Amino acid sequence: HVALPGVLFDANATDQLLFNREVATALVAALPDAMLAFASLIHSAVGASEQATHVDARRDDGVKLHVPLIDVTARRGPLVLEPQRAASGCPTVVATTRLGDAVLYRHSIPHRGTANDDEVNRTALDFSFFPADGVALNDYTRDFLPERVADARAHRVRFAELCAADGLRCAGAD
């Protein structure tokens, strides 16, 4: 469970969204050299169609943190994780969530956003973490607009600063 502030777009609130001690501690435990590769908003407008199933990276050493900013019902286009496509015997997970929940999964897990058939837009924060060497090796931001790449780097720098200020061993920015 991740506590979210009520205001999203001032500097202090952005820091609170980017850095949550509980989440950062868990990430550092799982990935001792965790580096934020990028942070973004995923917006699924009313009527948005379903995404094709995809993976974000082929390596297993990175994780995604998906934080919906509203309750996500089956009609609001939840994230669907399909690990059975990568390893037999694993069930499909339909991530219907409540505000404050987060979904943590490996980049290599096949997944998709489903169609938003509700009357409410669905927006989620999307964080991508890798060990320091994985950021450059799995740079799927290379196809993003230059200003988005700059934003991703700024988020990496800020995450490293906030992590260090809180006394956690986190990778620095590239």
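Remember, it's a predicted structure, so these values are computed and weren't measured experimentally.

1. Brief notes about the pairing of strand 2 (residues 63–68)
Of all six residues that make up strand 2, six are buried, and the element is covered over most of its length. Of the two faces of strand 2, the one carrying Val-63, Leu-65 and Val-67 and the one carrying Lys-64, His-66 and Pro-68 are both buried. The pairing of strand 2 with strand 5 (residues 103–106) spans four bridges and is classified as antiparallel. Its bridge partner lying in strand 5, His-66 is registered against Val-103. Bridge count between strand 2 and strand 7 (residues 122–131): six bridges; the pairing is antiparallel. Bridge assignment links Pro-68 to a residue of strand 7, and that residue is Ala-124.

2. As for the pairing of strand 7
Along a regular strand, successive side chains alternate from one face of the sheet to the other. With 10 of 10 residues buried, strand 7 is to be regarded as a mostly interior element. Burial along strand 7 is two-sided: the face carrying Arg-122, Ala-124, Asp-126, Ser-128 and Phe-130 and the face carrying Thr-123, Leu-125, Phe-127, Phe-129 and Pro-131 are both buried. Summarising the sheet, strand 1 (residues 34–44) and strand 7 pair through 10 bridges and their orientation is antiparallel. Along strand 7, the bridge assignment pairs Leu-41 with Leu-125.

3. Observations regarding the pattern of salt bridges
When their charged atoms lie close together, side chains carrying opposite charge are able to pair. Counted by the stated rule, this structure contains six salt bridges. Put simply, Arg-112 and Glu-50 hold a salt bridge, and the shortest N to O gap is 2.9 Å. Here Arg-112 is found in strand 6 (residues 111–113), whereas its partner Glu-50 is found in the loop between strand 1 and strand 2, with 62 residues between them in sequence. Among the residues examined, Glu-50 registers a relative accessible area of 45% and is labelled partly exposed. Three or more residues joined by partner-sharing salt bridges are found here, namely Glu-50, Glu-82 and Arg-112.

What counts as what
- Residues numbered from 1 in each chain as written.
- Predicted model: local features only at pLDDT ≥ 70, side-chain atom pairs only at ≥ 80, totals over all residues.
- Heavy atoms only, no water.
- Buried < 20%, exposed > 50% of the residue type's maximum accessible area, 1.4 Å probe, protein only.
- Helix = DSSP H or I, 4+ residues; strand = E, 2+ residues; numbered from the N terminus.
- Pairing = 2+ DSSP bridges.
- Salt bridge = Lys/Arg side-chain N within 4 Å of Asp/Glu carboxyl O.

What is shown is where atoms sit, not what they do.
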